[in-house]
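What follows is each chain in one-letter form.
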Amino acid sequence: MSTAPNGLPQYPIVQAPMAGGASCPPLTAAVCEAGGLGFLAGGYKTADGMYQEIKQTRGLTRRPFGVNLFLPQTAYVDPAAVEAYRGQLAGEAGWYEVSLAEEDIIGTCDDGYEAKLAILVEDPVPVVSFTFGCPAPAVLDRLRKAGTRTIVTVTSVDEARAAQVAGADALCVQGVEAGGHQGTFRDDPQTDGTAGMGLLALLPQVREAVALPLVAAGGVMRGAQIAALLAAGAEAAQLGTAFLACPESGAHPLHKKALTDPLFSHTELTRAFSGRPARGLVNRFMREHGPYAPAAYPQIHHMTSGLRKAAGAAGDPQGMALWAGQGHRLARALPAGQLVEVLVAELAEAQNALQVLQMRRAS
């Protein structure tokens, strides 16, 4: 990433854009101030809401930061399947005393994409990344002319090649270990349970297929892992769950606590909360409803929004979407700046150990 414009971070550490409130201005700014690259999540916000967070972040740091956008979702959604799932969740709605959102199945699912793009072109930020698809070449060109560097999230070699052809400046290579939503270009329910490749298997394949800087994401929690990813061809590592437990994170306190709670022993990919595959800590809601959730994003996300908020208000993590990567048990509740410092020290230690080993073998 050293060849990029607009001032890259001092260290090869990127704080993942975690939509839903975790990636807030205080967290983003703290990571930037410590020498990493912090990201705001543009997803699930209005265009003005995104802009207000950008202004707040600019007031907290002068260092470069990024904003992530969701690509519009155009896949066909079966209204009957969505209504059937609404019936599946009726008991939850009664228990938490909330109504299930009556989302317009035929309506737009663009997350305010064009309005957000317009803001980012008119008042540019250093980096904009994209999830759930690849923008049109004209969009990437508009941002480049505005002085913004673009990163496209990819989960396969084919997606990486497509993003390179479209004109992306860099790629975020996401392994199946990553917490939250899988950033696949196409949501294909036929591949549930079989799709997805581990980061250390995927990264070298993408490295050989494209000539773009790569940011590696998926289950990264320690500096030694960052060292391994740099050795495998990445220019930086993106960490989400590792920053989720920081005091600056906007994640719910119950979510933070659950990361290392023995009650939540592992993660799985599920459509239960949003209608799109996302990795989270296995809880009651996921076990009971995941098998019945249709491929209907973001309709299911909006339908369950009230349920998730009510569960949090009631202090019930069993009804919340506890997004987390496979390395969640390694989470450390450190201030974000201190966590960056620790990761940098661990990275240096791992790289030094590797150099010593190489010298011994050469002697």
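Above this note sits the structure.
Quick caveat: nothing in here was measured; it's all calculated off a predicted structure.

1. Observations concerning the packing of aromatic side chains
Thinking step 1. Throughout the structure, instances matching the rule amount to five aromatic pairs.
Thinking step 2. On the basis of an interplanar angle of 40° and a centroid distance of 4.8 Å, the ring pair of F70 and F132 is categorised as tilted. Taken as a pair, F70 in strand 3 (residues 65–70) and F132 in the loop between strand 4 (127–131) and helix 6 (137–145) lie far apart in primary sequence, 62 residues in all.
Thinking step 3. With relative accessibility at 9%, the residue F70 sits in the buried group.
Thinking step 4. By relative accessible area, F132 is classed as buried at 3%.
Thinking step 5. Taking the centre distance of 5.3 Å and the plane angle of 70° together, the rings of F132 and Y297 count as edge-to-face. Residue F132 is found in the loop between strand 4 and helix 6, and its partner Y297 is found in the loop between helix 12 (284–289) and helix 13 (299–313); the two are separated by 165 residues along the sequence.
Thinking step 6. Residue class for Y297 comes out buried when judged on its relative accessible area of 9%.
Thinking step 7. Taken together, Y44, F70, F132 and Y297 form an aromatic cluster joined through their ring pairs.

2. Structural notes on the environment of A41
Thinking step 1. Among the structural elements, A41 can be located in strand 2 (residues 38–41).
Thinking step 2. Given the relative accessible area of 2%, A41 is considered buried.
Thinking step 3. For the pair A41 and A16, spaced 25 residues apart in sequence, the C-alpha separation works out to 8.5 Å.
Thinking step 4. Those residues in contact with A41 that sit more than four places away from it in its chain are P17, M18, A19, S23 and N68.

3. Re the sheet that holds strand 6 (residues 170–174)
Thinking step 1. Across the sheet, which stays open at both edges, the eight strands sit in the order 1-9-8-6-5-4-3-2 with parallel pairing between neighbours. The open sheet terminates on both sides in strands that have one partner only, identified here as strand 1 (13–15) and strand 2. Direction aside, neighbouring strands of the sheet carry axes that sit 25° apart on average.
Thinking step 2. Pairing of strand 3 with strand 4 involves five bridges; the strand directions are parallel. Paired with N68 across the two strands is S129, which belongs to strand 4.
Thinking step 3. Strands strand 5 (149–154) and strand 6 of the sheet are contacted by helix 7 (residues 157–166), whose axis makes an angle of about 160° with strand 5.

4. Things to note about unusual backbone geometry
Thinking step 1. For the peptide bond that leads from Y297 to P298, omega is 5°, which places it in the cis range.
Thinking step 2. Looking at where P298 falls in the secondary structure, it is placed in the loop between helix 12 and helix 13.
Thinking step 3. The phi dihedral of Y44 falls on the positive side, at around 65°, and the residue is not glycine.
Thinking step 4. With respect to the helices and strands, the residue Y44 is situated in the loop between strand 2 and helix 2 (47–60).

5. A short note on the packing of helix 9 (residues 223–231) against helix 14 (residues 336–362)
Thinking step 1. The N-to-C vectors of helix 9 and helix 14 enclose an angle of 55°; their axes lie 7 Å apart at closest approach. If you check the angle between helix 9 and helix 14, you find them oblique. The chirality of how helix 9 crosses helix 14 is right-handed. Counting all contacts with helix 9, which are made through G223, A224, I226, A227 and L230, the residues of helix 14 involved are L343, E346, L347, A350 and Q351.
Thinking step 2. A class-by-class count of the residues in the contact of helix 9 with helix 14 yields seven nonpolar, two polar and one charged.

6. Points about the sheet that holds strand 11 (residues 278–281)
Thinking step 1. Taken together, the three strands give an open sheet; going across it, the order is 7-11-10, and neighbouring strands pair in antiparallel fashion. Unpaired on one side and paired on the other, strand 7 (180–181) and strand 10 (267–270) mark the two borders of the sheet.
Thinking step 2. Here two bridges tie strand 7 to strand 11, and the two strands are oriented antiparallel to one another. Residue pairing across strands places H181 opposite A278, the latter belonging to strand 11.

7. As for helix 2
Thinking step 1. For helix 2, spanning 14 residues, the distance from its first C-alpha to its last is 20 Å, which sits close to the expected 20 Å at 1.5 Å a residue.
Thinking step 2. Within helix 2, the full set of buried residues consists of A47, M50, E53, I54 and T57. Buried residues along helix 2 cover an arc of 125° about the axis, so they all sit on one side.
Thinking step 3. Structurally, helix 2 contributes buried residues whose contacts are with helix 1 (25–33), strand 2, strand 3 and helix 5 (113–122).

Conventions adopted
- Residues numbered from 1 in each chain as written.
- Predicted model: local features only at pLDDT ≥ 70, side-chain atom pairs only at ≥ 80, totals over all residues.
- Heavy atoms only, no water.
- Phe/Tyr/Trp six-rings, centres within 6.5 Å; stacked < 30°, edge-to-face > 60°.
- Helix = DSSP H or I, 4+ residues; strand = E, 2+ residues; numbered from the N terminus.
- Buried < 20%, exposed > 50% of the residue type's maximum accessible area, 1.4 Å probe, protein only.
- Contact = heavy atoms within 4.5 Å.
- Pairing = 2+ DSSP bridges.
- Axes fitted to C-alpha atoms, helices over the stretch in contact; angles between N-to-C directions.
- Parallel < 35°, antiparallel > 145°, perpendicular 65-115°, else oblique.
- Left-handed = near helix turned anticlockwise from the far one by under 90°.
- Nonpolar A, V, L, I, M, F, W, Y, C, P; charged D, E, K, R; others polar.
- Expected span 1.5 Å × (residues − 1).
- Arc of directions from axis to C-beta.

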